[in-house]
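Tertiary structure, described
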Amino acid sequence: MSMASEGAQTSAEYIQHHLKNLQVCQNETGDWIWNHCSGNFWAINVDSMVFSVLLGLFLSVLFSRIAKNATTGRPGKMQAFVEIVIEFVNDSVKGTFHGKNAMIAPLALTVVTWVFMMNLMDLIPVDWLPFVAHAAGVEYLKVVPTTDPNITFAMSLSVFVLILFYSFKIKGIGGFVIGELMMNPLNPRDLGVPKIFWPFVCAFNFILETVALLAKPLSLSLRLFGNMYAGELMFILIALLGFLQLPLHFGWAVFHILIVTLQAYIFMMLTIVYLSQAHEAH
Amino acid sequence: MDLNATLIGQTIAMIVFVWFCMKFVWPPLLGMIEERQNEISEGLAAAEKGSRSLELAAVEKTKLLDEARGQAREIIDQANNRAGTIVDEARTTADGEGERILAAAHAEVEQEVNRAREELRGQVAAIAVAGAEKIISREINASTHQDLLDQLAQEI
């Protein structure tokens, strides 16, 4: 069922077609148009949004239903499964984050399950959903939301905002900007630097620490995006191989289960670690 | 691959889902898990307490049984002693009574014999007087020889 076999497409066209989001935006005259939106910031990637929100809704409904019917007695199979996930997240949070914050654990749960589900879309053979969409008259469809940098950046920037918020809240503006960004890693007081040179040391520290701070959301989102994008690209390339794709697809899919899980776990763990760093005074 | 408003849309979606999870998923589920953990540890503690009290009860039971056995033995011993005493007492009483009855009988017999002897003595005296009267009725006056007759009656 590979679209490459339709003949009209070259391999390059096939790959590019698969890597294009379904977009909608307003043109200069104010009309809503599909797919000719490059360069327009106000375009929306409809496929990424729809799939991520659908998966989020699925998880919310599932979890809230389990939560509503949960019993302390003998749990059902689904409740037991959700409990395992919750306990896993709770242990991860407790092992890393020692402050008091009612938001970290639910945030971690949301992040890990949601990213996992979005990553898991990668295991649906690359042509199935686009083929159905094509039959329904939709030109482009990218089914894995985490291969869209908008999605990963949105999540990592949200985490970044929380990092800044809690850094300022816990340490105060002076404590965070001066104490954490300017007096680290080279502390002029400990090094015995004369007062006159302090501004230079502090400026050096500030540049270094700011880069390190900005690297957090950037690496968080690009790691996830890069892994999933590369995995998706591998699936697309394998899909070009004709019958040979069957064993290769199987092999890559099995390996990809690991990546899917690992990336979701890493995203959650780093979120917890960054937020616990924001809560701890150095 | 350019960044666009999807960023904002996804941020809003994430805020909503995290808020939802914070409000409706995490607290009830974790609370439930912790409650169950408490229940399990309480159950285990209760079970341990139960088995400990069972052990205590077994010890108590043995003690009570031993005590009861001892008491029973004591009671039986007492009863045996008492029975022996009662039998001895009865025997002593019976012996005493028998001797008393025997003595009374002897006394009565003796009395009877004495009485009979007195009677006989009187009758013999009378008979002797009557005989002597018949024999020597003419010359012997009973009243003048009374002292002689009394002496005779004494000698019989």
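Worth saying up front: this structure is predicted, and the values here are computed from it rather than measured.

**Remarks on the overall build of chain B**
Counting its regular elements, chain B contains two helices and zero strands. Taken along the three principal axes of its C-alpha coordinates, chain B extends 195 × 25 × 15 Å. In chain B, which comprises 156 residues, the proportion classed as buried is 13%. Accessible surface, chain B: about 12,100 Å² in total, of which carbon and sulfur atoms supply 61%. Computing the positive centroid from 16 side-chain charges and the negative centroid from 27, chain B places the two 4 Å apart.

**Structural notes on the packing of aromatic side chains**
Two aromatic rings, taken as a pair, are described by how far apart their centres are and by the angle between their planes. Residues and elements named next belong to chain A. A full pass over the atoms with the stated rule returns ten aromatic pairs over all chains. Ring centres 5.8 Å apart and planes at 35° place the aromatic pair Phe-88 and Tyr-265 in the tilted group. Of this pair, Phe-88 sits in helix α3 (residues 77-96) while Tyr-265 sits in helix α9 (residues 245-279), and the two are 177 residues apart along the sequence. By relative accessible area, Phe-88 is classed as partly exposed at 39%. Feature note: the residues Phe-235, Trp-252 and Phe-255 constitute an aromatic cluster, connected by ring pairs. In this arrangement the basic side chain of Lys-20 is found over the ring face of Tyr-140, its NZ or CZ atom lying 5.5 Å from the centre.

**Examining helix α1 (residues 11-18) of chain A**
Residue and element names in this part refer to chain A. Within α1, the full set of buried residues consists of Tyr-14, Ile-15, His-17 and His-18. In an axial view of α1, the angular spread of the buried residues amounts to 160°, which keeps them on one side of the axis. Close packing links the buried residues of α1 with α5 (128-135) and α8 (198-239).

**Observations regarding unusual backbone geometry**
Residues and elements named next belong to chain A. Non-glycine residue Asn-35 carries a positive phi angle of around 70°. For Asn-35, the position within the fold is in the loop between β2 (32-34) and β3 (44-45). By relative accessible area, which is 9% here, Asn-35 ends up buried.

**A closer look at the state of the cysteines**
Residue and element names in this part refer to chain A. Using the criterion set out here, one finds one disulfide over all chains in the structure. The residue that forms a disulfide with Cys-25 is Cys-37, at a sulfur-sulfur distance of 2.1 Å. Since a negative S-S torsion denotes a left-handed disulfide, the Cys-25-Cys-37 link at about -90° is left-handed. Note that Cys-25 is positioned in strand β1 (residues 23-26) and Cys-37 in the loop between β2 and β3, a separation of twelve residues in sequence. Cys-37 shares its class with Cys-25; the two are buried.

**Thoughts on the nonpolar core**
The biggest cluster of nonpolar side chains holds 64 residues, and the ones touching the most others in it are Leu109(A) and Trp114(A). Looking at this core, the elements with two or more residues in it are α2 (46-69), α3, α4 (104-120), α6 (149-182), α8 and α9 of chain A together with α1 (6-135) of chain B. Beyond its immediate sequence surroundings of up to four residues, Leu109(A) is in contact with Phe63(A), Val85(A), Ile86(A), Val89(A), Cys21(B), Val25(B) and Trp26(B).

**As for the packing of α3(A) against α4(A)**
Residue and element names in this part refer to chain A. Contact geometry of α3 with α4 gives a least axis separation of 9 Å together with a crossing angle of 125°. Between α3 and α4, the interaxial angle falls into the category oblique. Crossing of α3 over α4 shows right-handed handedness. Contacts between α3 and α4 involve Val-85, Ile-86, Val-89 and Val-93 on the former and, on the latter, Ile-104, Ala-105, Ala-108, Leu-109, Val-112 and Thr-113. In the contact of α3 with α4, the residues fall into nine nonpolar, one polar and no charged.

**As for the pattern of salt bridges**
Residue and element names in this part refer to chain B. Evaluation of the coordinates by the stated rule reveals nine salt bridges over all chains. A salt bridge links Arg-69 to Asp-66; the shortest N-O distance between them is 3.6 Å. Of the two residues, Arg-69 and Asp-66 are both situated in helix α1; the distance of three residues between them amounts to about one turn of the helix. Asp-66 gets classed as partly exposed once you look at its relative accessible area, which sits at 46%.

**Quick word on the layout of surface pockets**
Residues and elements named next belong to chain A. Of the voids in this model, the largest pocket is the one considered here, and its volume is about 350 Å³. Around the largest pocket, the lining comprises 16 residues; the ones closest to its centre are Phe-81, Val-85, Val-112, Thr-113 and Phe-116. Among the elements that make up the lining of the largest pocket, the one with the highest residue count is α4 (five residues). Among the residues making up the lining of the largest pocket, the classes are represented as 14 nonpolar, two polar and no charged.

So, how was this worked out
- All residue numbers refer to positions counted from 1 along the written sequence of the respective chain.
- Labels follow written order: the first chain is A, the first ligand is 1, and so on.
- Only residues with pLDDT of at least 70 are given local features in this predicted model, and only at 80 or more are side-chain atom pairs given and counted; all residues enter the totals for whole chains, interfaces and linings.
- Side-chain numbers here rest on the full set of heavy atoms in the structure, without hydrogens or water.
- Strands are runs of DSSP state E lasting at least two residues, helices are runs of H or I lasting at least four, and both sets are numbered from the N terminus onward.
- Burial classes follow relative accessibility: with a 1.4 Å probe on protein chains only, a residue under 20% of its type's maximum area counts as buried, one over 50% as exposed, and anything between as partly exposed.
- Shrake-Rupley sampling with a 1.4 Å probe provides the accessible areas, and residues are treated as covered by the protein chains on show and by no other component.
- When charges are counted, Lys and Arg are positive and Asp and Glu negative, with His and the chain ends excluded.
- Charge placement uses NZ in Lys and CZ in Arg. For Asp and Glu, CG and CD serve respectively.
- Between the rings of Phe, Tyr and Trp (Trp by its six-membered ring), a pair exists once the centres lie within 6.5 Å; its type follows the angle of the planes, with under 30 degrees stacked, over 60 edge-to-face, and the other angles tilted.
- Sitting over a ring, as applied to charges here, requires NZ of Lys or CZ of Arg to be within 6 Å of the ring centre and within 35 degrees of the ring normal.
- The arc refers to the directions leading from the helix axis to the C-beta atoms.
- We call two residues in contact whenever any of their non-hydrogen atoms come within 4.5 Å of each other.
- Pairs of cysteine sulfur atoms within 2.5 Å are what we label disulfides.
- For our purposes a nonpolar core is just a set of buried Ala, Val, Leu, Ile, Met, Phe, Trp, Tyr and Cys residues, chained together by side-chain atoms within 4.5 Å.
- Here an angle of 0 to 180 degrees is reported between the N-to-C directions of two axes, which are lines fitted to C-alpha atoms, with helices fitted over the stretch in contact.
- In what follows, roughly perpendicular refers to angles from 65 to 115 degrees, roughly parallel to angles under 35, roughly antiparallel to angles over 145, and oblique to any angle outside these ranges.
- If you view the pair so one helix is near and one far, a crossing is left-handed when the near helix is turned anticlockwise from the far one by less than a right angle, and right-handed when it is turned clockwise.
- Following the grouping adopted for this structure description, the nonpolar residues are Ala, Val, Leu, Ile, Met, Phe, Trp, Tyr, Cys and Pro, the charged ones are Asp, Glu, Lys and Arg, and the polar ones are all others, Gly among them.
- A side-chain nitrogen of Lys or Arg and a carboxyl oxygen of Asp or Glu constitute a salt bridge if their distance falls within 4 Å.
- For cavity detection a 1 Å grid was placed over the protein atoms alone, and a set of points counts as a cavity when a 1.4 Å probe fits there but cannot get out; an open set counts as a pocket when protein lies on both sides within 12 Å along at least five of seven lines, with lining residues being those that have an atom within 4 Å of a point.
- Grid points are joined across faces, edges and corners, and a volume is the space filled by probe spheres set on the points.

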